[in-house]
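As a plain string of letters, each chain reads:
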Amino acid sequence: MNLVGNFIQYLNAYEKKNLDSISDMFSDDIALRDWKISVQGKSLAIDETRKNFANADSIEIHVLSTMANDNMVSGELKIVVDKAETLFVVDVVTFDEDGKITSIHAYLGRED
């Protein structure tokens, strides 16, 4: 299984605000945590993702680097929201044996 490919597929779906594709990638017991929220379970993770999409007209994601092991991919990302707000984020994404996302932990950084 190519976990970096799965990670990039998730980011592409996120950038396109494709909630159906993202839902297909999430495991039922996914844990989603960032600097503002922490939820457990697919329905709550989808709800939070839907809120993020509603709050942004456009999302651009630039992958600056990735690192992977047997079941996890970390990616340093530059995210541009509405062509105005730039976020530097590290996503740590864990996958199960079927390639479904079991956790996403996002950490906010800074440009420098």
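Enquirer: Hey, could you run me through the overall build of the protein in this one?
Expert: Counting its regular elements, the protein contains 3 helices and 6 strands. Each helix and strand of the protein, placed in order from N terminus to C terminus, yields the pattern α-α-β-β-α-β-β-β-β. In terms of overall size, the protein behaves like a compact globule, its C-alpha atoms giving a radius of gyration of 13 Å where 112 residues would be expected to give roughly 13 Å. When its C-alpha atoms are laid out on the principal axes, the protein stretches across 40 × 30 × 20 Å.

Enquirer: How should I be thinking about the pairing of strand 6 (residues 101–108) in this particular structure?
Expert: Walk down a regular strand and you will see the side chains alternate between the two sheet faces. With 4 bridges connecting them, strand 1 (residues 26–33) and strand 6 associate as parallel partners. Across the sheet, the residue bridging to phenylalanine 26 is isoleucine 101, located in strand 6. Note that strand 5 (residues 85–95) and strand 6 share 7 bridges and pair antiparallel. When the bridges of strand 6 are listed, valine 93 appears paired with isoleucine 104. Hairpin connection from strand 5 to strand 6: 5 residues lie between these consecutive antiparallel strands, with glycine 99 at a positive phi of about 85°.

Enquirer: Can you walk me through the pairing of strand 3 (residues 59–68) in this structure?
Expert: Judged from the 9 bridges that link them, strand 3 and strand 4 (residues 72–81) form a sheet pairing that is antiparallel. In the sheet register, alanine 68 faces strand 4, and the bridge partner there is valine 73. Counted along the chain from strand 3 to the antiparallel partner strand 4, the turn is 3 residues long.

Enquirer: How do you make sense of the packing of aromatic side chains when you look at a structure like this?
Expert: Pairs of aromatic rings are described using the distance from one ring centre to the other and the angle between the two planes. Counting across every chain of the model gives 3 aromatic pairs. Centre to centre, the rings of tyrosine 10 and phenylalanine 26 are 6.2 Å apart; their planes meet at 40°, and the pair counts as tilted. One end of the pair, tyrosine 10, is in helix 1 (residues 3–15); the other, phenylalanine 26, is in strand 1, and 16 residues separate them in sequence. Of the two residues examined, tyrosine 10 and phenylalanine 26, each falls in the buried class. An aromatic cluster of at least three residues, connected via ring pairs, comprises Tyr10, Tyr14, Phe26 and Phe53.

Enquirer: Sorry, what's going on with the pattern of salt bridges here?
Expert: Enumeration over the complete set of coordinates arrives at 3 salt bridges. Measuring nitrogen to oxygen at the nearest pair gives 3.2 Å for the salt bridge that ties lysine 51 to glutamate 48. Pair noted here: lysine 51 and glutamate 48 are both in helix 3 (residues 42–54), with a separation of 3 residues, about one helical turn.

Enquirer: What am I meant to see in the layout of surface pockets here?
Expert: Here the idea is plain: a probe the size of a water molecule rolls over the atoms and shows the empty space left. Size it by volume and the largest pocket reaches roughly 690 Å³. Residue lining of the largest pocket: 26 residues in total, with Tyr14, Asp34, Trp35, Asn52 and Leu87 positioned closest to the centre. Looking at the lining of the largest pocket, its residues break down into 16 nonpolar, 3 polar and 7 charged.

Parameters at a glance
- Residues numbered from 1 in each chain as written.
- Predicted model: local features only at pLDDT ≥ 70, side-chain atom pairs only at ≥ 80, totals over all residues.
- Heavy atoms only, no water.
- Helix = DSSP H or I, 4+ residues; strand = E, 2+ residues; numbered from the N terminus.
- Rg over C-alpha atoms; globule rule 2.2 N^0.38 Å.
- Pairing = 2+ DSSP bridges.
- Phe/Tyr/Trp six-rings, centres within 6.5 Å; stacked < 30°, edge-to-face > 60°.
- Buried < 20%, exposed > 50% of the residue type's maximum accessible area, 1.4 Å probe, protein only.
- Salt bridge = Lys/Arg side-chain N within 4 Å of Asp/Glu carboxyl O.
- 1 Å grid on protein atoms, 1.4 Å probe; cavity = no way out; pocket = protein on both sides within 12 Å on 5 of 7 lines; lining within 4 Å.
- Points joined across faces, edges and corners; volume = space filled by probe spheres on them.
- Nonpolar A, V, L, I, M, F, W, Y, C, P; charged D, E, K, R; others polar.

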